2 protein chains.
Amino acid sequence: MALPFYRDFTLGILGGGQLGRMLMQPCIDLNVSTAVLDPAANAPCSSLATRFQQGSLQDFDTLMAFGRSVDLLTIEIENVNVDALYALQAEGKHVYPQPELLAIIKDKRLQKNWYRENKIPTADFVLVDNLEEIREKKTFLPAFNKVGVGGYDGGGVVRLNSTADIDKGFDAPGLLEKTIDFACELSVIVARSTIGEIKSFPAVECVFHPEHHLVDYLLCPARVSKEIENLAQDLARKVCEKLGIVGVLAVEMFVTKSGEVLVNEIAPRPHNSGHQTIEANVSSQYSQHLRAILGLPLGETTMNQASAMVNLIGAVGHSGPVLYQGLDEVLALSDVHVHLYGKSETRPARKMGHVTVLADSQEVLLGKVKLIKQLLSVEAI
Amino acid sequence: MALPFYRDFTLGILGGGQLGRMLMQPCIDLNVSTAVLDPAANAPCSSLATRFQQGSLQDFDTLMAFGRSVDLLTIEIENVNVDALYALQAEGKHVYPQPELLAIIKDKRLQKNWYRENKIPTADFVLVDNLEEIREKKTFLPAFNKVGVGGYDGGGVVRLNSTADIDKGFDAPGLLEKTIDFACELSVIVARSTIGEIKSFPAVECVFHPEHHLVDYLLCPARVSKEIENLAQDLARKVCEKLGIVGVLAVEMFVTKSGEVLVNEIAPRPHNSGHQTIEANVSSQYSQHLRAILGLPLGETTMNQASAMVNLIGAVGHSGPVLYQGLDEVLALSDVHVHLYGKSETRPARKMGHVTVLADSQEVLLGKVKLIKQLLSVEAI
């Protein structure tokens, strides 16, 4: 049964960044009051939440007090104190995604082991505890060395091509993952509600920036065959169902040159690779997450139009109060939707916004993506 | 030139109702900070504005202080102290729509005279100052008697069929307007920016509730010929251009059975008859208003899909904390978008929300409108 979400009800959100901010937009539509906890006083959600609290996401007591003050708790960032979430759940609080899933997903070592145990195709890997163990397993190279906990937005990952690179590795618990000679990367956002209903969005193709390890732009539909699309959909739904998650789950995948689809990483929340759903699909990933955790019927995920999404990333060499150079020119383009994240200061490679482009053909989309990247840059004044 | 809207900038909004609330959603996208003034402490915008101030919209000093604290001032309700807006404008404050236009539009007597002076086709009328004058002009009946200032949402209007009805009229400055034997009612939302760019949305057909005098549902495209659509578009743009308004203007029109298009009323702000643009058009009336007053290029108004919009109106006999009966069932329908306005208490005929329906055919739209009206009712717990 749906929670009485529009009256005497507060949704608690751990993390007050851009994902929380975009989650708050459908909260406005359904009149869901929000309480947001974030360590930064000027976090993107700070002025929009019904109640904003500055505080640590790691501190047990802070999370307990915050969690007890709300009716339902969700996250927009994985890196929170999961012990507190277990304790809140034990007190009867609804916590979605569930703490036990968050514990698995936020530790890449547990996440990769979970794939292996559940026969989810993924790149081969070995666990390593420190640099010494990487040296012992040097025959596994070339590989990515990933730290278990705390990597985010391209941090905590380094490519080790040969033994000469090992000193660049992490002297911390992590893993070595075989490099995959992939044809492209896909992401499927899938949602599962409190009553077990599952719906997935069409796959998007993620094109990464060669330097930042962040998504440079994405395309939907992806430039893959119907068979690959179906494999990706099936895989995403399988992961979602096996986890039994409540909320949206982003499943990032590699498509190998031989046509296999492997799970790369998952995120138990709205994701950068689903921003375009705001304009391009009947429901957005944000309204879908809200429906899923509130126990409402899931929304239609059908694509209205083909789309591309360009991340607006802080230019190298620019730190300080933000200036979006070329913004007027971009706003003059047809079927272009600008989202600024409410961060007053830019830094190199910081995610400062995104632009969604809709068009009937992939050529037009790619042309507009190129144009937007030429016109718009995120600088400091 | 566009204002530097995303940094060290505050948009002031007079009125904190649902129109302001929906205007704040594109403000989030473009990171426009907002300050909202409304007499009700729990107004729909109260928890969403960057800064919310409870206060009178009629008090000169309150408006002056509020206006001086923001960078740009707009309205979401006409009934504000226009003298204060003139004074703020004289101090160099940007005020859109312009005070001199607001003064004309908020007084139906001035508004009707303006149509006559500018050769805008409209229903014939005579001004009356009191009941005595209505009696003197009884040969003008049947007519609507409208008060000059203060009518809203069907208030301030009464139909006088014959001399026997005259006692139902208003003993206040107003007008008598000839009843029009219309085939249908249309509304065109048109926007004009600070640099004079004008764009209009496709006409919508407004079907009024027989009892409330509020829009019961609307359809877009309207069920009219291409010729009538063009007449309506031309008329709306003509009114917009002659006024020289900055912001969006809703132009409500009658289509007579002989195929004339007459202006009924105009509203210098986002309007109930443009809610469906949020989902159905490339740009919404709210983002368009924001672009217009910020001096940004206007957005595309193209319709993505045919749509209908159903107002959720408080059921008769129900006053108190709101319960949306049947909401889950409506959320389970495909391509249906629910907007609740954040009003904790319902009252008979109070606008509590709306539902937008998208579909490829008018038959499907009308079927879903009927279904939504059967499924959903706005009651008190």
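Heads up: these notes are all about the structure in this document. In this numbering scheme, every chain counts its residues from 1 along its sequence in written order. For naming, the first written chain is A and the first written ligand is 1, with later ones following in the order written. It should be noted that, the model being predicted, local features are given only for residues of pLDDT at least 70 and side-chain atom pairs only at 80 or more, the latter also being counted only at that level, while totals for whole chains, interfaces and linings use all residues. The basis for the side-chain values is all heavy atoms of the structure; hydrogens and waters are excluded.

### Here we look at the overall build of chain A
Worth spelling out the cut-off: Helix and strand assignments follow DSSP, with helices taken as H or I runs no shorter than four residues and strands as E runs no shorter than two, numbered in order from the N terminus. Only the C-alpha atoms count toward the radius of gyration. The rule for a globule is 2.2 Å times the residue count to the power 0.38. For the exposure calls, accessible area comes from a 1.4 Å probe over protein chains only, and a residue counts as buried if that area is under 20% of its type's maximum, exposed if over 50%, partly exposed in between. Here, residues are in contact when the closest pair of their heavy atoms is within 4.5 Å.
Helices and strands together make up the secondary structure of chain A, namely 11 helices and 21 strands. For a compact globule of 381 residues, the expected C-alpha radius of gyration is about 21 Å, and chain A comes in at 20 Å, within 12% of that figure. Taking the principal axes of its C-alpha atoms as reference, chain A extends roughly 60 × 50 × 45 Å. Here chain A, with 381 residues, has 60% of them falling under the buried criterion. Taking contacts inside chain A between residues at least 6 apart in sequence as the whole, the part at least 24 apart equals 62%.

### Some remarks on unusual backbone geometry
Where the residue is not glycine, phi is negative for most of them; where a peptide bond is considered, it is trans in most cases. Residue A:Pro97 is bonded to the preceding A:Tyr96 through a cis peptide linkage, with omega at 0°. Structurally, A:Pro97 can be placed in the loop between strand S5 (94-95) and helix H4 (99-106). A cis geometry characterises the amide bond from B:Leu141 onward to B:Pro142, with omega recorded as 0°. When you line up the elements, B:Pro142 lands in the loop between helix H6 (131-136) and strand S7 (143-147). Its identity is not glycine, yet A:Asp8 carries a phi of approximately 50°, on the positive side. On the accessibility criterion, A:Asp8 (74% relative accessible area) is exposed.

### Comments concerning the pattern of salt bridges
Here is the rule we go by: Take a side-chain nitrogen of Lys or Arg and a carboxyl oxygen of Asp or Glu: if they are within 4 Å of each other, that pair is a salt bridge.
All chains considered together, the criterion is met by 34 salt bridges over all chains. A salt bridge links A:Glu265 to A:Lys108; its shortest N-O distance comes to 3.6 Å. One end of the pair, A:Glu265, is in strand S15 (residues 261-267); the other, A:Lys108, is in helix H5 (residues 108-117), with 157 residues separating them in the sequence. Residue A:Lys108 is classed as buried on the basis of its relative accessible area of 12%. For the salt bridge of B:Glu91 with B:Arg68, the shortest nitrogen-to-oxygen distance reads 2.5 Å. Of this pair, B:Glu91 sits in the loop between helix H3 (82-90) and strand S5 (94-95) while B:Arg68 sits in helix H2 (residues 60-68), placing them 23 residues apart in sequence.

### Describing the pairing of strand S10 (residues 182-192) of chain B
Residues and elements named next belong to chain B. Heads up, the rule is: Think of it this way: DSSP has to see at least two bridges between two strands before they count as a pair.
Taking burial as the measure, the 11 residues of S10 include 9 buried ones, the bulk of the element. Pairing of S10 with strand S14 (residues 247-256) involves 10 bridges; the strand directions are antiparallel. Note on S14: the bridge partner recorded for Arg192 is Gly247. Alignment of S10 against strand S12 (residues 204-208), held across 3 bridges, turns out to be antiparallel. Within S12, the position partnered with Glu185 by the bridge is Cys206. As paired strands, S10 and strand S11 (residues 198-200) are joined by 3 bridges and run antiparallel to one another. Each bridged residue has a counterpart across the sheet, and for Arg192 the counterpart in S11 is Ile198. Hairpin connection, S10 to S11: the antiparallel pair is bridged by 5 residues, and Gly196 has positive phi, about 85°.

### Here's the deal with the sheet that holds strand S4 (residues 72-75) of chain B
Residues and elements named next belong to chain B. The criterion, for reference: For helices, the axis comes from a line fit to the C-alpha atoms of the stretch in contact; other axes are also lines fit to C-alpha atoms, and the angle between any two N-to-C directions lies between 0 and 180 degrees.
In spatial order, the strands read S3-S2-S1-S4-S5; together these 5 strands make up an open sheet with parallel pairing. On the outer flanks of this sheet lie strand S3 (51-54) and S5, each paired with one strand and no other. Direction of pairing for strand S1 (residues 10-14) relative to S4: parallel, over a ladder of 4 bridges. Pairing of Leu11 across the sheet is with Leu72, part of S4. Together, S1 and S4 form the strand contacts of helix H9 (residues 285-294), whose direction differs from that of S4 by roughly 145°.

### Here's the deal with the packing of aromatic side chains
Threshold: Centres within 6.5 Å make a pair out of two Phe, Tyr or Trp rings, where for Trp the six-membered ring is used; the pair is then stacked when the planes are under 30 degrees apart, edge-to-face when over 60, and tilted otherwise. The rule for a charge over a ring is simple: NZ of Lys or CZ of Arg within 6 Å of the ring centre, and within 35 degrees of the ring normal.
Tallied over the entire structure, the rule returns 8 aromatic pairs over all chains. Note on A:Trp114 and A:Tyr115: the rings are 6.1 Å apart at their centroids and 75° apart in plane angle, and the pair reads as edge-to-face. Aromatic side chains B:Phe182 and B:Phe254 sit 5.0 Å apart centroid to centroid with 20° between the ring planes, which places their arrangement in the stacked category. Highlighted residues: B:Phe182 in strand S10 and B:Phe254 in strand S14, separated in sequence by 72 residues. Since its relative accessible area comes to 32%, B:Phe182 is described here as partly exposed. Accessibility expressed as a relative area gives 7% for B:Phe254, which makes it buried. Three or more aromatic residues joined by ring pairs make a cluster, and in this case those are A:Phe5, A:Tyr6 and B:Tyr324. A cation over a ring is seen here: B:Arg116 above B:Phe125, with NZ or CZ 3.8 Å from the ring centre.

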